[in-house]
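Descriptive analysis of the structure
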Amino acid sequence: MKRALGVCYYPEHWPEAIWAEDAARMVETGISWVRIGEFAWSRIEPSFGDLQFDWLDRAIEVLGSAGLKVILGTPTATPPRWMLDKHPDMLAWDAQGRERGFGSRRHYDFSHDGYREECARIVDILARRYGANPHVAAWQTDNEYDCHDTVLSYSPAAERAFQNWLAETYGTIEALNTAWGNVFWSMEYDHFEQIALPNLTVTEPNPSHVLAFRRFSSDMVVKFNKVQVGLIRAQTDAPITHNYMGRVTAFDHYDVGADLEIASWDSYPIGFLSDRLEEPAAHKQRYLRQGDPDFQAFHHDLYRAVGKGRWWVMEQQPGPVNWAPYNPAPLPGMARLWAWEAFAHGAEVVTYFRWRQAPFAQEQMHAGLLRPDSEAAPGLAEAAQVAAELVEAPDVSAAQAPVALVFDYASQWAWETQPQGADFDYFRLCFEMYRGLRKLGLSVDILPPDCADLSGYKVVLAPGLLELSGALKGALERFDGQAMLGPRTNTKTGEMVIPVPMGPNIDGLDTVIALTESLPPSEMMPLLKGGTFVKWFEHLKGDAEVVEALVDGRPAMVQAGAIRYLAGWPDEEALARILEDLCEAAGVVTLNPPDGLRLRDTGAHRFYINYNAFEVEFDGLLIGAADVTWRPL
Ligand code: GAL
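Some thoughts on the overall build of the protein chain
Scanning the protein chain for helices and strands turns up 18 helices and 24 strands. Relative to a compact globule of 633 residues, whose C-alpha radius of gyration would be 26 Å, the protein chain shows 25 Å and is just as compact. Across its three principal directions, the C-alpha atoms of the protein chain cover 75 × 70 × 40 Å. Sequence separation of 24 or more characterises 71% of the internal contacts of the protein chain that already satisfy a separation of 6 or more. Separation between the mean location of the 54 positive side-chain charges and that of the 87 negative ones in the protein chain comes to 3 Å.

Dropping the structure here:
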């Protein structure tokens, strides 16, 4: 598969007179894809029914005839102002019951039928007009579902839709009352219309109610997306994608991805490090101008799974962004490194955001490949270098990794609903395990929770899974590598109720979690072999073989055959040892690359990705600061 570069472009922001020159410069840079249109509704339809396609026709023609392939975005993330006059109740409400306003973007409620129909109308018109256009080679639905926390809404529209969803899901109110345990605190309902959204309750709402609301909210995104996909698909065979985000878990991306050919995501490494990761200050300082060495890779691997193998970076940070608390410039080399890292994880296309920095509005301080005065910004030369290197590119098809990590959205919702310990975060648990594997020099695949086939893997991790699906249970029974489950895995039902028999309930593993405790940061539970549990400890009872113990002798990990169950949250030292043991038992060769150097194996090459601000030596190679290199395996 030929890898390629792209760029995000907003023809509506610039005089038409410069479009052709922009297109020619993109081509000269080595860019072959251009994404347009995703915020252009007010120019496509300035007032209801007044369709203005001439400019978009010409923009597509100018870009396409210059040799660029167009990714056309549906404009539904930015409904124009007139839409609100037409549908005054289309706005989402926050958890405090306040309506969110017009004046930025994503001001809509996924549950609003009227707005969904308006989206269907405009998408249908666009698909009919451009579905057969030879320059439009891919489509993007909407833009970044859940950006600015827009999936959960507590509006009257959401409440009605939730009640309908509950009726469909549970059938009878008795079934719902039983499933949720509503006898507790006399919360029983007589009919579905009585069930409000789980906000503004006196104290915490029933966790089963909250989890149902989270599942419903996710389903609304899936439904919203599916409508658009169906209409586009009716007019074209071009692939359809959506651009997901970093550490956004409010909807089930596997479910949305099931309807799309390609997954894509928007990668802003430096912004993420400062505003989406709870790392110590020294770590943030060390990687200030590079981004975290595992955060991008985690999402590359996650979205490869969501895209069933096909994925892109739809927006790649080119320079300082505008939206983090502080916005330093990347080290020279990083705009190239990030692109190559994505290719090494199997990305088909990496698209920089954006072509030219906008001189106006919210993102005027956000770098592009060009400055507002059209002079080159630092990212441009790096993009050109990547493009030149791609001509001689190694084959970067993703090969199956030796190690896999199961990642599940419902588990995130469950433990957000009931953390039990203030800092128990499911994403964080998975991310720490992922980081631990990468520090050992390993390439990792991420798997969905209903994965039914683990063949080819030697090590599988499934921490914190709310419940084991039947498919995964079956796959684990047949698994001939080493699997490590826990903490917290399979300890609740999908309704957020403790099952009896109690978890972890793994066939052949004679252990039960008799008691669970969460720990404040001041409390450690040291392990006999070194390191400590933090945050979380489960008291295991049963006859399973103990393979790790606390200093006081209590079981910390038990094992039967290919399955281990870990009873706590390991700190970095404990995790490193536990993962190394696991790999050794499974016959996976671990390497110990220098800190900040990450490895990634494709089918044919090993990539050496240096997130450090200094040169490192490994495998007989010198890898420069913020540099990436590769050689045949
Ligand atoms: C993304 C978004 C873009 C732009 C960018 C700025 O989240 O999709 O439209 O806002 O961030 O970094």
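Things to note about the sheet that holds strand β4 (residues 136-140)
Reading around the barrel, the 8 strands line up as β1-β2-β3-β4-β5-β6-β7-β8 and close back on themselves, with parallel pairing between neighbours. Averaged over all pairs of adjacent strands, the angle between strand axes in this sheet comes to 25°, irrespective of strand direction. Examined bridge by bridge, β4 and strand β5 (residues 240-244) share 2 bridges and lie parallel to one another. Looking at β5, one finds that Trp139 is bridged to Ile240. In the packing of helix α5 (residues 113-130) onto the sheet, contacts are made with β3 (69-73) and β4, and the angle to β4 comes to roughly 170°.

Overview of the sheet that holds strand β24 (residues 628-632)
Reading across from one edge, β20-β21-β24 is the order of the 3 strands in this open sheet, with antiparallel pairing throughout. Strand pairing shows two members of the sheet lacking a second neighbour, β20 (597-601) and β24, which therefore form its edges. The sheet shows a mean angle of 20° between the axes of neighbouring strands, taken without regard to direction. One ladder, built from 5 bridges, connects strand β21 (residues 605-610) with β24; its direction is antiparallel. Each bridged residue has a counterpart across the sheet, and for Phe607 the counterpart in β24 is Trp630.

Things to note about the site of the ligand
All residues adjacent to the ligand are Phe39, Arg105, Asn143, Glu144, Asp266, Tyr268, Glu315, Trp323, Phe353, Glu363 and His366. Asn143 places a side-chain nitrogen or oxygen 2.9 Å from an oxygen atom of the ligand. One nitrogen or oxygen atom from the side chain of Glu144 is found 2.3 Å from an oxygen atom belonging to the ligand. When the free accessible area of the ligand is taken as 310 Å², the share hidden by the protein chains comes to 96%. Split into classes, the residues belonging to the shell around the ligand amount to 4 nonpolar, 2 polar and 5 charged.

Considering the packing of aromatic side chains
Under the counting rule described, the total for this entry stands at 53 aromatic pairs. A ring pair is formed by Phe298 and Tyr434, whose centres lie 5.2 Å apart and whose planes are at 85°; its orientation type is edge-to-face. Taken together, the positions of Phe298 in helix α12 (residues 295-306) and Tyr434 in helix α16 (residues 426-439) put the pair 136 residues apart, joining distant regions of the chain. Like Phe298, the residue Tyr434 is buried in the burial classification. The ring of Phe424 carries the charged tip of Arg488 above its face, separated from the ring centre by 4.6 Å. In this structure, Lys535 packs its charged tip against the face of Trp569, placed 4.0 Å from the ring centre.

Considering the environment of Tyr170
Relative to the helices and strands, Tyr170 is located in helix α6 (residues 156-170). Residue classification places Tyr170 among the buried residues on the basis of a relative accessible area of 13%. For the pair formed by Tyr170 and Phe192, sequence separation is 22 residues and the distance between their alpha carbons is 9.8 Å. Ignoring any residue separated from it by four or fewer positions in sequence, one finds Tyr170 in contact with Ala175, Leu176, Ala179, Trp180, Phe192, Ala212 and Glu495. Among the polar contacts made by the side chain of Tyr170, one reaches the side chain of Glu495 at a distance of 2.8 Å.

A word on the pairing of strand β15 (residues 532-541)
Most of β15 sits out of view: 9 of its 10 residues are buried. Where strand β13 (residues 512-518) meets β15, 6 bridges bridge the pair, whose relative direction is antiparallel. In the sheet register, Thr516 faces β15, and the bridge partner there is Glu538. When strand β14 (residues 525-526) meets β15, the two strands line up antiparallel, connected through 2 bridges. Following the sheet pairing, Pro526 is matched in β15 by Thr532. Adjacent in sequence and paired antiparallel, β14 and β15 are bridged by 5 residues, among which Gly530 carries a positive phi angle near 115°. The pairing of β15 with strand β19 (residues 568-570) spans 3 bridges and is classified as antiparallel.

Re the pattern of salt bridges
Considering all chains together, one arrives at 43 salt bridges under this definition. Here Arg428 makes a salt bridge to Glu278, at a shortest N to O gap of 2.8 Å. Taken together, the residues span a long stretch of sequence, with Arg428 in helix α16 and Glu278 in the loop between α10 (269-275) and α11 (281-286) at a distance of 150 residues. Judged by its relative accessible area of 7%, Arg428 falls in the buried class. We classify Glu278 as partly exposed; its relative accessible area is 44%. Taken together, the shared-partner salt bridges connect Arg247, Glu278, Glu279, Asp292, Asp294, Glu341, Asp425, Arg428, Glu432, Arg435, Arg438 and Arg598 into one network.

Looking at the domain arrangement of the protein chain
Along its sequence, the protein chain is carved into domain 1 (4-149 + 223-392), domain 2 (403-586) and domain 3 (597-632). Using C-alpha coordinates to define each centre, domain 1 is positioned 36 Å away from domain 2. The partner domain 2 presents 20 residues to the 27 residues of domain 1 that form the contact. Counting across the domain 1 and domain 2 interface gives 9 salt bridges. With a shortest N-O distance of 2.7 Å, Glu279 and Arg428 are connected by a salt bridge. Scanning the region where domain 1 abuts domain 2 turns up 16 residue pairs in polar contact (both at pLDDT 80 or more). Elements represented by at least two residues in the side of domain 1 that touches domain 2 include exactly α9 (253-257) and α12. Considered class by class, the residues forming the side of domain 1 that touches domain 2 number 13 nonpolar, 5 polar and 9 charged.

With respect to the packing of helix α8 (residues 207-233) against helix α15 (residues 409-417)
Put simply, α8 and α15 touch, their axes get as near as 9 Å, and they point 145° apart. Taken as a pair, α8 and α15 cross one another with a handedness that is right-handed. Here α8 contributes Pro207, Val210, Leu211, Arg214, Arg215 and Ser218 to the contact with α15, which in turn contributes Ala410, Trp413, Ala414, Glu416 and Thr417. A breakdown of the residues in the contact of α8 with α15 according to their chemical character gives 6 nonpolar, 2 polar and 3 charged.

Conventions we followed
Residues numbered from 1 in each chain as written. Predicted model: local features only at pLDDT ≥ 70, side-chain atom pairs only at ≥ 80, totals over all residues. Heavy atoms only, no water. Helix = DSSP H or I, 4+ residues; strand = E, 2+ residues; numbered from the N terminus. Rg over C-alpha atoms; globule rule 2.2 N^0.38 Å. Contact = heavy atoms within 4.5 Å. Lys, Arg positive; Asp, Glu negative; His and termini not counted. Charge placed at Lys NZ, Arg CZ, Asp CG, Glu CD. Pairing = 2+ DSSP bridges. Axes fitted to C-alpha atoms, helices over the stretch in contact; angles between N-to-C directions. Near = heavy atom within 4 Å. Polar contact = N/O pair within 3.5 Å; in protein donor to acceptor, adjacent residues only side chain to side chain. Areas by Shrake-Rupley, 256 points an atom, 1.4 Å probe, with all protein chains shown as cover. Nonpolar A, V, L, I, M, F, W, Y, C, P; charged D, E, K, R; others polar. Phe/Tyr/Trp six-rings, centres within 6.5 Å; stacked < 30°, edge-to-face > 60°. Buried < 20%, exposed > 50% of the residue type's maximum accessible area, 1.4 Å probe, protein only. Lys NZ or Arg CZ within 6 Å of the ring centre and 35° of its normal. Salt bridge = Lys/Arg side-chain N within 4 Å of Asp/Glu carboxyl O. Domains from an automatic or database assignment. Left-handed = near helix turned anticlockwise from the far one by under 90°.

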